[in-house]
Amino acid sequence: MDFTPFTVIAGSNAAGKSNLFDAFHLLAALADTDKIQRAFRKQRGDLLELFTQYDDHSVAKEMSFVVEMLVNPTVTDTWGATAKLRYTRLRYELILRRFTNSVGMEDIEVIHEYLDTIKHNKDKWIKIIPSKYAEIWRPKVVTGKRQIPYIYTERYNGIDSIIVPQDGSQGKKRIYPLNNTTRTVLSSVDSVDFKHILAAKEEMKSWRFLRLNPESLRLPTSKTSGEDIISATGENLAAALFRIKQEDSYNMKEISRRLHSFLPSFIDVDVFDDVENKQYVVILHDVDSKEYSSRVLSEGTLRILTLCILYIDNKHQGLLCFEEPENGIHPFRIKMMADLLKDLSTDFSNTDMPLRQVIVNTHSTVFVSAIYQWLSSPFVSIDFARVVVRICSVNEEKKKLLATKITPVPKNNPLQTKIIFSEQESKSTLQMMNEFMQSNDNESIKKEC
């Protein structure tokens, strides 16, 4: 499927919305670990439950991924060396296979890995960016067309191997035999000598998954934790705010201004350096000059504050996946949440903005309704997820499986998507939209009133 800078996926329970995030989470973990098994242990369920299950209770042997991405035009390695990329649109492929190892346990191995540029004449997604800004995000390459992928899989000296040519070098390459692979090749690169591979790795490592927990958000941050980046559950909120304040004190005024625009009762955001207890504490002041620490703030206030902080935080780049952002938010404030999330995503006409993408899944008709006003924008999309039955062939045997089908709501925009849907498919999606918007979520608002 195609993702815009701000993509909202709606659907009922068990439609597969969370599974999509699980796939992103697994890829991010595989890019950031030296053991494939370790990446799998970070996922929901055991290893077998993560592979496709068929109607006859058999389980697939392989799982495969294809991801196309837009990466930052410069990349910095572990030692601080920086390189500029010739290509910023990359395609990564990965196939994993499960097998029984020598001690009789289930194990995982890589059997295919591939990274290459997306050729300009085949890159339809890039057309969502206005043409006058396109070359800023994807430089135009005039000479020296690249023919060899950055990573590819082939037989070498009779052994299935992953080949990695060095960027900008003729003939130099690394060979990784697949018979002893315990990690992806992508995860092993840490030098700008392989700058495009490193850029893809850094992009995938930056994928974040918000599951904000009010108890984590309320906690002060201990100075001994060593962490100043907001975690998936909201830990380190105070330390991140303190770092942002040290970088530029004006940042606090901007965070306060944004929070006040959404929650008018609060006029000031600050962070207190509690030297005695060796911790940082978030402090809010209201219109009556009363002071509130994060310990007593409501879940909704903390969620909105977190997004205001992420908007200012220059360490927040890449993909942000947010599951059910409406949780803990009063229906009347869900539109605020939608506005904040849209602001977090990249507007390609703003060339000073970092690359940021937001993908949300939701049950809320109120949230979808708030997004619908922006549907004409090429940077915003609404998709509906539902489960369908598929018939596939496995070793020449027909099998059934349940699959998630995610379909975009049609918009009057010729550059909407490179995937062409039939008129019947579009009508079906519009009908789903109408039925969804008339569901019980609207009734809950009437009851609140």
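Up top you'll find the structure we're talking about.
The structure contained in this document is the topic of the report that follows. Computed from a predicted structure; not experimentally measured.

This part takes up the overall build of the chain. If you tally the helices and strands in the chain, you get 13 helices and 18 strands. Relative to its 449 residues, the chain shows a buried fraction of 50%. Long-range contacts, defined here as pairs at least 24 residues apart, represent 61% of the contacts in the chain between residues at least 6 apart. Total accessible area computed for the chain in this model is approximately 22600 Å², and 48% of it derives from carbon and sulfur atoms.

Taken in spatial order, the 3 strands line up as E7-E8-E9 in an open sheet, and their pairing is antiparallel. The open sheet terminates on both sides in strands that have one partner only, identified here as strand E7 (152–156) and strand E9 (173–177). Taking the axes of each pair of neighbouring strands and ignoring which way they run, one obtains an average angle of 40° across the sheet. Pairing geometry for strand E8 (residues 159–165) and E9, over 5 bridges, is antiparallel.

Further remarks concern the side chain of serine 293. Take serine 293: it is sitting in strand E14 (residues 291–293). Setting aside residues no more than four positions away along its own chain, serine 293 makes contact with Val281, Val282 and Ile283.

Looking now at unusual backbone geometry. Backbone geometry places lysine 278, a non-glycine residue, at a positive phi of 55°. Locating lysine 278 in the fold gives a position in the loop between strand E12 (266–274) and strand E13 (279–286). Take lysine 278: its relative accessible area is 53%, and that puts it in the exposed class.

This next bit is on a nonpolar patch on the surface. A contiguous nonpolar patch, built from Val387, Val389, Ile391 and Leu402 and spanning about 400 Å² of accessible area, is present on the exposed surface. With respect to the helices and strands, the residue leucine 402 is situated in strand E18 (residues 397–408). Given the relative accessible area of 65%, leucine 402 is considered exposed.

Moving on, we come to the packing of helix H9 (residues 299–312) against helix H10 (residues 334–344). Running from N to C, H9 and H10 cross one another at 15°; their axes reach a closest spacing of 10 Å. Taken as axis vectors, H9 and H10 run roughly parallel relative to one another. Two packed elements cross with a definite hand, and for H9 against H10 that hand is left-handed. Contacts from Arg303, Ile304, Leu307, Cys308, Leu310 and Tyr311 in H9 reach Met336, Met337, Leu340, Leu341, Asp343 and Leu344 in H10. When the residues that make up the contact of H9 with H10 are grouped by side-chain class, the tally is 10 nonpolar, no polar and 2 charged.

Looking now at H9. For H9, which comprises 14 residues, the first-to-last C-alpha distance of 21 Å matches the rise-based estimate of 20 Å (1.5 Å per residue) to within 8%. Those residues of H9 that sit buried are Gly300, Thr301, Leu302, Arg303, Ile304, Leu305, Thr306, Leu307, Cys308, Ile309, Leu310 and Ile312.

Let us look at the pattern of salt bridges. A pair can form between side chains of opposite charge whenever their charged atoms are brought close. Using the criterion set out here, one finds 24 salt bridges in the structure. Note that aspartate 32 and lysine 205 form a salt bridge whose closest N and O atoms lie 3.8 Å from each other. You can see aspartate 32 sitting in the loop between helix H1 (17–30) and helix H2 (36–41) and its partner lysine 205 sitting in helix H5 (residues 195–205), a full 173 residues away along the chain. Here aspartate 32 falls in the partly exposed class, since its relative accessible area comes to 46%.

On the secondary structure map, asparagine 277 appears in the loop between E12 and E13. On the basis of relative accessible area, asparagine 277 is assigned to the partly exposed category, the value being 47%.

With that settled, consider the packing of aromatic side chains. Inspection of the entire model under this criterion finds 8 aromatic pairs. Between tryptophan 137 and phenylalanine 348, the ring centres sit 5.2 Å apart and the planes meet at 80°, which makes this aromatic pair edge-to-face. Of this pair, tryptophan 137 sits in helix H3 (residues 131–137) while phenylalanine 348 is found in the loop between H10 and strand E16 (356–362), placing the two residues 211 residues apart along the sequence. For phenylalanine 348, a relative accessible area of 3% corresponds to the buried category. Measuring from centroid to centroid gives 5.6 Å for phenylalanine 348 and phenylalanine 379, while their planes differ by 75°, and the two rings are edge-to-face. Residue phenylalanine 348 is found in the loop between H10 and E16, and its partner phenylalanine 379 is found in the loop between helix H11 (365–372) and strand E17 (380–394); the two are separated by 31 residues along the sequence.

Let's shift gears to the sheet that holds strand E1 (residues 6–10). Where strands meet in a sheet, backbone hydrogen bonds hold them as pairs that are either parallel or antiparallel. Reading across from one edge, E10-E15-E16-E1-E17-E18 is the order of the 6 strands in this open sheet, with mixed pairing throughout. Two strands in the sheet have a free side with no partner beyond their single neighbour: strand E10 (208–210) and E18. Between one strand axis and the next, the sheet turns through 25° on average, direction left out of account. The sheet contact formed by E1 and E17 spans 5 bridges and is parallel. Looking across to E17, one finds that threonine 7 is bridged to serine 381.

The next point concerns the side chain of glutamine 43. Here glutamine 43 lies in the loop between H2 and strand E2 (62–70). For glutamine 43, the residues in contact, after removing those within four places along its chain, are Asp22, His25, Leu26, Ala29 and Leu50.

Formed by 57 residues in total, the largest nonpolar core has its most connected members in Phe6, Leu341 and Phe367. Discounting chain neighbours no more than four positions away, the residues touching phenylalanine 6 are Ala338, Leu341, Lys342, Ser345, Val358, Val360, Phe367, Ile371, Trp374, Phe379, Val380 and Ser381. In this structure, Ala29, Met69, Tyr87 and Ile151 belong to the second largest nonpolar core, which totals 55 residues.

Turning to the pairing of E7, a few remarks are in order. On any regular strand, side chains alternate: one points to one face of the sheet, the next to the other face. Sheet topology note: the E7/E8 ladder contains 5 bridges and is antiparallel. Among the inter-strand pairings, tyrosine 152 is bridged to a residue of E8, identified as isoleucine 163. Where E7 folds back onto E8 in an antiparallel hairpin, the turn is made up of 2 residues, including asparagine 157, whose phi is positive at roughly 55°.

Here we take up the environment of phenylalanine 266. Along the chain, phenylalanine 266 falls in strand E12. Residue classification places phenylalanine 266 among the buried residues on the basis of a relative accessible area of 11%. Once the C-alpha coordinates of phenylalanine 266 and glutamate 291 are considered, the two residues, 25 residues apart in sequence, prove to be 9.7 Å apart. The residues touching phenylalanine 266, leaving out its near neighbours within four places in the chain, are Leu259, His260, Leu284, His285, Asp286, Tyr292, Leu297 and Thr301.

Procedures and definitions
- Residues numbered from 1 in each chain as written.
- Predicted model: local features only at pLDDT ≥ 70, side-chain atom pairs only at ≥ 80, totals over all residues.
- Heavy atoms only, no water.
- Helix = DSSP H or I, 4+ residues; strand = E, 2+ residues; numbered from the N terminus.
- Buried < 20%, exposed > 50% of the residue type's maximum accessible area, 1.4 Å probe, protein only.
- Contact = heavy atoms within 4.5 Å.
- Areas by Shrake-Rupley, 256 points an atom, 1.4 Å probe, with all protein chains shown as cover.
- Pairing = 2+ DSSP bridges.
- Axes fitted to C-alpha atoms, helices over the stretch in contact; angles between N-to-C directions.
- Patch = residues over 30% accessible without salt bridge, like charges linked within 9 Å, V, L, I, M, F, W, Y side chains within 5 Å.
- Salt bridge = Lys/Arg side-chain N within 4 Å of Asp/Glu carboxyl O.
- Parallel < 35°, antiparallel > 145°, perpendicular 65-115°, else oblique.
- Left-handed = near helix turned anticlockwise from the far one by under 90°.
- Nonpolar A, V, L, I, M, F, W, Y, C, P; charged D, E, K, R; others polar.
- Expected span 1.5 Å × (residues − 1).
- Phe/Tyr/Trp six-rings, centres within 6.5 Å; stacked < 30°, edge-to-face > 60°.
- Core = buried A, V, L, I, M, F, W, Y, C linked by side-chain atoms within 4.5 Å.

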